[in-house]
Amino acid sequence: MNHIIDVIISATTWVLPVLFAVTLHEAAHGFAAKAFGDDTAQRAGRLSLNPIRHIDPVGTIVIPGLLLLTGAPFLFGYAKPVPVAFYRLSPQRLGIIGVAVAGPAVNIVLAILSIMLLVWLPSFSPPVNDWLGKTLNNSIALNCVLAVFNMLPIPPLDGGRVLTAISPAPMARVLMRMEKAGMVLLLALVFLLPYVTAQLGINLPIFQWLVVEPAMWLINFLASFFY
């Protein structure tokens, strides 16, 4: 019974961070697209800060829930991608960069706000303080991980879109063709390959190298300014 209660309490410290991190990330793409002349997200009803409009049942609820219940060393999730007609952006290259960067930028802003709330929130009862502290620390970690992960220069991640926008036309066309298979290749590289090599006795923590360690550096960097 105590274990179940601990799991429930732990889950509540992740609910708000996950909802804000993944839904505001997607909303930011839509607002940026509108600023650069594309109202596709607005016409689809996605130009909203309402998390319900951006929730993906699998990416926002099932995957984070399973990772939490199985005691995974990290939490990950995503919302429904906001539709963007990149050809309608003006200027196009700058628009693609602006739309891509908007999501990770919002995650960094949320991490900064969480750091500042840790400093400035008044003191409550010990149980409330403990819950708030865990929730805000989870928000900092999750938002920094999402910002770093999404800026990896691999299509269709945001970093891949930036790389496509700044690349010469022949390379940009190759990167655009990679978008459909890019996520599968990324998941294979980050999760499947380390699992296979672990069965062979080889430690290959690619996610640790590419995401966790840079995210820890980002957390320390932000904390040095805002804590």
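It should be emphasised that the depicted structure is a prediction, and the values quoted were computed from it without experimental measurement.

A word on the side chain of D158. Looking at the secondary structure, you find D158 in helix α6 (residues 158–166). No salt bridge is formed by the buried D158; its nearest oppositely charged neighbour, R161, is found at 4.8 Å. At a separation of 3.4 Å, a polar atom in the side chain of D158 contacts the side chain of H29.

This next bit is on helix α8 (residues 206–226). Relative to the 30 Å expected for 21 residues at 1.5 Å per residue, α8 spans 30 Å between its end C-alpha atoms, a close match to the ideal helical length. Its axis deflected by about 30 degrees at V212, α8 carries its strongest bend there, up to four residues before the proline P214. Tucked into the core, α8 has its buried residues touching α4 (92–120), α5 (126–150) and α7 (169–199).

Per the stated rule, a full pass over the model turns up 3 aromatic pairs. With a centroid separation of 6.4 Å and an interplanar angle of 45 degrees, the aromatic rings of F225 and F226 are classed as tilted. A relative accessible area of 58% means that F225 is categorised as exposed. On the accessibility criterion, F226 (33% relative accessible area) is partly exposed. Here a set of aromatic residues connected by ring pairs shows up, and it is made of W217, F221, F225 and F226.

What follows concerns a nonpolar patch on the surface. A cluster of nonpolar residues, V109, L113, M116, V119, W120, W217, F221, F225, F226 and Y227, forms a patch on the protein surface that exposes about 1100 Å² of accessible area. Elements with a contribution of two residues or more to the nonpolar patch: α4 and α8. In terms of residue count, α4 provides more of the nonpolar patch than any other element does, 5 residues in total. Within the element layout of this structure, F225 appears in helix α8.

A volume near 670 Å³ is recorded for the largest pocket. E26, Y78, P81, N150 and M183 are, among the 27 residues lining the largest pocket, the residues nearest its centre. Looking at the lining of the largest pocket, the elements that each hand over two or more residues are α1 (2–35), α4, α5, α6 and α7. Examining the composition of the lining of the largest pocket, we find that 5 residues originate from one element, α1, more than from any other.

Turning next to α4. Residues that lie three or four places apart on an α-helix share one face, since the helix turns once every 3.6 residues. Over its 29 residues, α4 runs 41 Å from end to end, which matches the ideal 42 Å to within 8%, given 1.5 Å per residue. The sharpest bend along α4 comes to roughly 35 degrees, located at A102, with the proline P104 sitting one to four residues further on.

S90 connects to P91 through a cis peptide bond whose omega is -10 degrees. The residue P91 is located in the loop between α3 (57–69) and α4 in this model. Along the chain, P155 connects to P156 via a cis peptide bond; the corresponding omega equals 5 degrees.

In this model, the chain carries an average pLDDT of 87, and 93% of its residues clear a pLDDT of 70 or more. Across the chain, the secondary-structure element scoring lowest on mean pLDDT is α3, at 76, and the one scoring highest is α4, at 95.

Scanning the model with the defined rule gives 4 salt bridges in all. A salt bridge links D39 to R88; the shortest N-O distance between them is 3.1 Å. Taken together, the residues span a long stretch of sequence, with D39 in the loop between α1 and α2 (40–43) and R88 in the loop between α3 and α4 at a distance of 49 residues. Here the salt bridges do not stand alone but share partners, grouping D38, D39, R43 and R88 into one network.

Counting 18 residues, the largest nonpolar core has C144, F149, L152, L186, F207, V211 and L222 as its most contacted members. Sort the elements by how many residues they give to this core and α8 lands first, with 6 residues. Sequence-distant contacts of C144, that is, excluding residues within four places in its chain, are made with A111, A215, L218, I219 and L222. Within the second largest apolar cluster, 11 residues are counted, among which are A33, I96, V99 and A102.

About the cut-offs
Residues numbered from 1 in each chain as written. Predicted model: local features only at pLDDT ≥ 70, side-chain atom pairs only at ≥ 80, totals over all residues. Heavy atoms only, no water. Helix = DSSP H or I, 4+ residues; strand = E, 2+ residues; numbered from the N terminus. Buried < 20%, exposed > 50% of the residue type's maximum accessible area, 1.4 Å probe, protein only. Lys, Arg positive; Asp, Glu negative; His and termini not counted. Salt bridge = Lys/Arg side-chain N within 4 Å of Asp/Glu carboxyl O. Polar contact = N/O pair within 3.5 Å; in protein donor to acceptor, adjacent residues only side chain to side chain. Expected span 1.5 Å × (residues − 1). Bend = angle between axes of the 7 residues up to and from the residue. Contact = heavy atoms within 4.5 Å. Phe/Tyr/Trp six-rings, centres within 6.5 Å; stacked < 30°, edge-to-face > 60°. Patch = residues over 30% accessible without salt bridge, like charges linked within 9 Å, V, L, I, M, F, W, Y side chains within 5 Å. Areas by Shrake-Rupley, 256 points an atom, 1.4 Å probe, with all protein chains shown as cover. 1 Å grid on protein atoms, 1.4 Å probe; cavity = no way out; pocket = protein on both sides within 12 Å on 5 of 7 lines; lining within 4 Å. Points joined across faces, edges and corners; volume = space filled by probe spheres on them. pLDDT = per-residue confidence, 0-100. Core = buried A, V, L, I, M, F, W, Y, C linked by side-chain atoms within 4.5 Å.

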